[in-house]
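Architecture and fold: a report
Here's the letter readout for the chains.
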Amino acid sequence: MAAPQTTRSAPLRAPPNVAPWIETPLVESAALSRVAKCRIFLKLENLQPSGSFKSRGIGNFVIKAAASRSNPTFYISSGGNAGLACVVAARALGHPCVVAVPTTCKPAMIAKLYAVGAAEVVQHGANWAECDTFLRVEVMKDTEEGVYVHPFDHEDVWDGASSMVDEIAAQLRAAGVERADAVVCSVGGGGLFSGIVRGLERAGMADTRVVAVETEGAASLHASVRAGELVTLPAITSIATSLGATRVAAQAYASARRANVATATVSDAEAARACVAFADDERALVEPACGATLALAYGDRLRALVPNLKEDGVVVLVVCGGSNVSLRVLEEYRATYGEA
């Protein structure tokens, strides 16, 4: 077994008592509404301090864990975005965070992890599952105050993600909308999806349609629903590496079996083209993991997934964000996959 790649830097410190997530805007998109032939609202989780929705669930976990420990060090395995969220949250409370990433993680993401204050970044494993096992078995074996943070499979993570629903409901009412006909989100391990389903149930909107989207080559939830049991993919072959969980959380699979839930897949090309179109239309950069959700609107596929959706129907797209993107990457997508 090859030795893991490990690099260190002096940890950066942030003032304590800084909230690890914020209330994000919900805005109606004229461009996407026109294409999708319904009212599209965007929940802009790309504006979270870490750059993605992960700030909510991971932030909630870190706050609760830190409250019961004197001097914890947090450990998380991640393709990048969960690691960023954990580092930002831990630093906000004055604690260090160690992040393990798979070998598919690009140097730019590792640089971002250090830029936000990671105490250490360890690179090991061909995918998230291998990376996660190495973190728990090897990296953490001699730790005394170490706290393992699962990036998607924990009650506190789902509860944190569910806070988004409370905001959406209030923001829609402020816009004169009683409720959404559907909420659409991308699925990796299922933390965001599980949180949305939980939040809708708590808010008395359990019958709201939820569409869970994955890219082909990373569609472990869709495969599980079709098989009628939890499925582990042999490998992740999608460019949407942030969706790269070969097996979703059991909670996500249970949620996907509800009558109000639909699963869908899009190709890498569709997700990449949606990222390019979104940058042109909304002046925001998102990665293919987020582009998967946007692709359903750009591809006019929502009507097939949301029964009886009318032109004045309201669909909320969770713009989950993500930091595996740049202008150069989007230009490469445009050259490779063309326009949406």
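All of the points below concern the structure found in this document. (Residues numbered from 1 in each chain as written. Predicted model: local features only at pLDDT ≥ 70, side-chain atom pairs only at ≥ 80, totals over all residues. Heavy atoms only, no water.)

Quick look at the overall build of the protein chain now. Counting secondary structure elements, the protein chain contains 13 helices and 11 strands. Its C-alpha radius of gyration of 19 Å places the protein chain within 12% of the 20 Å reference for a compact globule of 340 residues. Out of the 340 residues in the protein chain, the part that is buried amounts to 59%. Long-range contacts, defined here as pairs at least 24 residues apart, represent 73% of the contacts in the protein chain between residues at least 6 apart. For the protein chain, the distance from the average site of its 31 positive side-chain charges to the average site of its 35 negative ones is 1 Å. (Helix = DSSP H or I, 4+ residues; strand = E, 2+ residues; numbered from the N terminus. Rg over C-alpha atoms; globule rule 2.2 N^0.38 Å. Buried < 20%, exposed > 50% of the residue type's maximum accessible area, 1.4 Å probe, protein only. Contact = heavy atoms within 4.5 Å. Lys, Arg positive; Asp, Glu negative; His and termini not counted. Charge placed at Lys NZ, Arg CZ, Asp CG, Glu CD.)

A negative phi angle characterises most non-glycine residues, just as the trans form characterises most peptide bonds. Non-glycine residue Arg283 carries a positive phi angle of around 60°. In the Ramachandran plot, Asn308 falls in the positive-phi region, its phi being about 60° despite a non-glycine side chain. Assignment of secondary structure puts Asn308 in the loop between α12 (302-305) and β11 (314-319). Classification of Asn308 by relative accessible area gives exposed; the value is 69%.

On the secondary structure map, Ala297 appears in helix α11 (residues 288-298). The sequence separation of Ala297 and Glu201 amounts to 96 residues, and the corresponding C-alpha distance is 25 Å.

Let us look at the environment of Ala175. When you line up the elements, Ala175 lands in the loop between α6 (155-174) and β8 (182-186). Along the primary structure Ala175 and Val27 are separated by 148 residues, whereas in three dimensions their C-alpha atoms are 9.3 Å apart.

Sheet architecture is open: six strands sit in the order β2-β3-β11-β8-β9-β10, paired in mixed fashion. Of all strands in the sheet, those with a lone pairing partner are β2 (26-28) and β10 (261-266), marking the two edges. When the angles between neighbouring strand axes are averaged without regard to direction, this sheet yields 25°. As judged from the six bridges shared by strand β3 (residues 39-44) and β11, these two strands associate in the parallel manner. By the bridge assignment for β11, Phe41 is matched with Val316. The strands touched by α11 within the sheet are β8, β9 (209-215), β10 and β11, with β8 carrying the most contacts at an inclination of about 145°. (Pairing = 2+ DSSP bridges. Axes fitted to C-alpha atoms, helices over the stretch in contact; angles between N-to-C directions.)

Right, let's get into the pattern of salt bridges. Following the criterion strictly, the structure yields 17 salt bridges and no others. With a shortest N-O distance of 2.8 Å, Arg202 and Asp166 are connected by a salt bridge. With Arg202 in helix α7 (residues 191-202) and Asp166 in helix α6, the pair connects residues that are 36 residues apart, well separated along the chain. Given the relative accessible area of 46%, Arg202 is considered partly exposed. Residue class for Asp166 comes out partly exposed when judged on its relative accessible area of 37%. The structure contains a network of salt bridges with shared partners spanning Lys43, Glu45, Arg56 and Glu167. (Salt bridge = Lys/Arg side-chain N within 4 Å of Asp/Glu carboxyl O.)

The nonpolar side chains of a soluble globular protein tend to be buried with one another. Counting residues in hydrophobic clusters, the biggest one holds 72 residues, and the most contacted among them are Phe193, Leu294 and Leu302. No other element matches the eight residues that helix α10 (residues 268-282) contributes to this core. Grouped together as the second largest cluster of nonpolar side chains are 28 residues, Phe61, Ile76, Met109 and Ala118 included. (Core = buried A, V, L, I, M, F, W, Y, C linked by side-chain atoms within 4.5 Å.)

Turning our attention to the packing of α6 against α7. Where α6 meets α7, the axes come as close as 7 Å, and the angle between the chain directions of the two elements is 60°. As far as their axial angle goes, α7 and α6 are oblique. Between α6 and α7 the crossing geometry is right-handed. When α6 is examined against α7, the residues Glu155, Trp158, Asp159, Ala161, Ser162, Ser163, Met164, Val165 and Asp166 are found in contact with a partner set consisting of Gly191, Leu192, Ser194, Gly195, Ile196, Arg198, Gly199, Leu200 and Arg202. (Parallel < 35°, antiparallel > 145°, perpendicular 65-115°, else oblique. Left-handed = near helix turned anticlockwise from the far one by under 90°.)

Right, let's get into the side chain of Asp156. The residue Asp156 is located in helix α6 in this model. The residues contacting Asp156, other than those within four sequence positions of it, are Gly57, Asn60, Phe61 and Lys64.

Here we come to helix α5 (residues 128-139). Among the residues of α5, Trp128, Cys131, Asp132, Phe134 and Leu135 are the ones counted as buried. For α5, the angular spread of buried residues about the axis comes to 160°, placing them on one side. In the core, the buried residues of α5 are packed alongside β4 (73-77), β5 (97-101), β6 (120-123) and β7 (146-149). (Arc of directions from axis to C-beta.)

Once that is clear, we can look at the state of the cysteines. Applying the stated criterion across every chain, the model contains zero disulfides. Not part of a disulfide, Cys38 finds its nearest cysteine sulfur in Cys185, a span of 16 Å. Take Cys38: its relative accessible area is 2%, and that puts it in the buried class. Considering cysteine sulfurs only, Cys97 is the nearest to Cys86, which forms no disulfide, with 3.6 Å between them. (Disulfide = S-S within 2.5 Å.)

The quantities given are spatial measurements derived from coordinates; they are silent on function.
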